[in-house]
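Inside the fold
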Amino acid sequence: MVAGTALRRRRGLLGGGAAAGLVATAAALVALNLTPTSREPLPPAAIGAPEPSTDPTCSPQMRREPIDARIFLRQDITDQQRLDLRDALQSYPPVRRVTFAGHDEAYARFRKSYRDNPDLVGSVEPEQLPESFQVELVRTADYARLAAKFRDASGVDQIAANPCAYRTGSGEGE
């Protein structure tokens with residue numbers, strides 16, 4: 001009887017550990033797909049730091065990346081909304097260049113960023129990651145204007161600045 005109790009206890013512990021692992025994986029997936037509760041752009045002080053980012057998660061490649069902002073699209077965006085948004089971005093004077101990144105490109109970036117966590121990478125499908133427009137601005141200081149103009153546009157889920165880009169504090173250009 002004592003052996004049976006110990007066996008049931010071990011099974012319970014194994015089951016609890018498996019459940020905890022599933023909960024952690026589900027939480028990571030939910031965190032990756034959460035929509036922000038606020039669509040406010042980053043405050044100008046956060047955008048116009050005089051020094052390049054010293055964030056240890058920023059690779060030298062990311063610091064050289066010419067993307068000043070990334071506009072993440074809603075999962076239910078229509079083709080017409082996507083085209084209209086692209087055209088509006090391309091015709092907006094503070095924008096130098098607009099590049100589209102589909103699910104596969106987002107997944108490739110995700111795989112590269114989390115290459116040291118194969119379990120996480122294996123639990124995500126390309127369709128779960130949002131499409132986006134990468135926007136290079138004429139002046140990085142124009143990020144707040146871009147975010148204010150497009151944050152409520154049809155099909156836009158979230159707008160984020162590149163935390164690793166070199167920034168100027170003056171707003172006079174780069």
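Residues numbered from 1 in each chain as written. Predicted model: local features only at pLDDT ≥ 70, side-chain atom pairs only at ≥ 80, totals over all residues. Heavy atoms only, no water.

1. Notes on the overall build of the protein chain
Looking only at helices and strands, the protein chain has seven helices and four strands in total. Going from the N terminus to the C terminus, the protein chain shows its helices and strands as α-α-α-β-α-β-α-α-β-α-β. Per-residue burial over the protein chain gives 30% buried out of 174 residues. A separation of at least 24 residues holds for 80% of the contacts in the protein chain among residues at least 6 apart in sequence. Carbon and sulfur atoms form 56% of the exposed surface of the protein chain, whose accessible area is close to 11,000 Å². (Helix = DSSP H or I, 4+ residues; strand = E, 2+ residues; numbered from the N terminus. Buried < 20%, exposed > 50% of the residue type's maximum accessible area, 1.4 Å probe, protein only. Contact = heavy atoms within 4.5 Å. Areas by Shrake-Rupley, 256 points an atom, 1.4 Å probe, with all protein chains shown as cover.)

2. Here's the deal with helix H7 (residues 143-150)
Inspection of H7 places Tyr 143, Leu 146, Ala 147 and Phe 150 among the buried residues, and these make up the whole buried set. All buried residues of H7 fall inside an arc of 95 degrees around its axis, so they share one side. (Arc of directions from axis to C-beta.)

3. A short note on helix H4 (residues 79-91)
For H4, spanning 13 residues, the distance from its first C-alpha to its last is 18 Å, which sits close to the expected 18 Å at 1.5 Å a residue. When H4 is considered as a whole, its buried residues turn out to be Arg 82, Leu 85 and Leu 89. Along H4, the residues classed as buried sweep out an arc of 65 degrees about the axis, all on the same side. In H4, the exposed positions that point more than 90 degrees away from the buried face belong to Asp 79 and Ser 91. Buried-residue contacts for H4 involve strand E1 (69-73), strand E2 (95-101), strand E3 (132-137), H7 and strand E4 (156-161). (Expected span 1.5 Å × (residues − 1).)

4. Section: the pattern of salt bridges
Under the criterion given, the structure shown has eight salt bridges. The shortest N-O distance in the salt bridge between Arg 86 and Asp 87 comes to 3.0 Å. Using a relative accessible area of 37% as the deciding quantity, one classes Asp 87 as partly exposed. We note a salt bridge from Arg 97 to Glu 136, for which the minimum N-O separation is 2.5 Å. A residue pair is termed long-range when its members are at least 10 positions apart, and Arg 97 in strand E2 and Glu 136 in strand E3 qualify at 39 residues. Taking the relative accessible area as the measure of exposure, Arg 97 reaches 45% and is therefore partly exposed. Among the charged side chains, a network of salt bridges with common partners joins Asp 79, Arg 82 and Glu 131. (Salt bridge = Lys/Arg side-chain N within 4 Å of Asp/Glu carboxyl O.)

5. Let's talk about the sheet that holds E1
One open sheet accounts for four strands, arranged E2-E3-E1-E4; its pairing is antiparallel. Single-partner strands in this sheet number two, and they are E2 and E4. Sheet twist, expressed as the average angle between the axes of neighbouring strands with direction ignored, equals 20 degrees. Pairing geometry for E1 and E3, over four bridges, is antiparallel. Within the sheet, the bridge partner assigned to Phe 72 lies in E3 and is Ser 132. The strands that helix H5 (residues 103-113) touches are E1, E2 and E3; relative to E2, the one it contacts most, it runs at about 90 degrees. Together, E1, E2, E3 and E4 form the strand contacts of H7, whose direction differs from that of E4 by roughly 175 degrees. (Pairing = 2+ DSSP bridges. Axes fitted to C-alpha atoms, helices over the stretch in contact; angles between N-to-C directions.)

6. So, the side chain of Glu 136
Owing to a relative accessible area of 11%, Glu 136 belongs among the buried residues under this scheme. Polar contacts involving the side chain of Glu 136 include one to the side chain of Arg 97, which spans 2.5 Å. (Polar contact = N/O pair within 3.5 Å; in protein donor to acceptor, adjacent residues only side chain to side chain.)

7. A look at the side chain of Asp 142
With respect to the element layout, Asp 142 can be found in the loop between E3 and H7. Setting aside anything within four residues of it in sequence, one finds Asp 142 in contact with Pro 94 and Leu 137.

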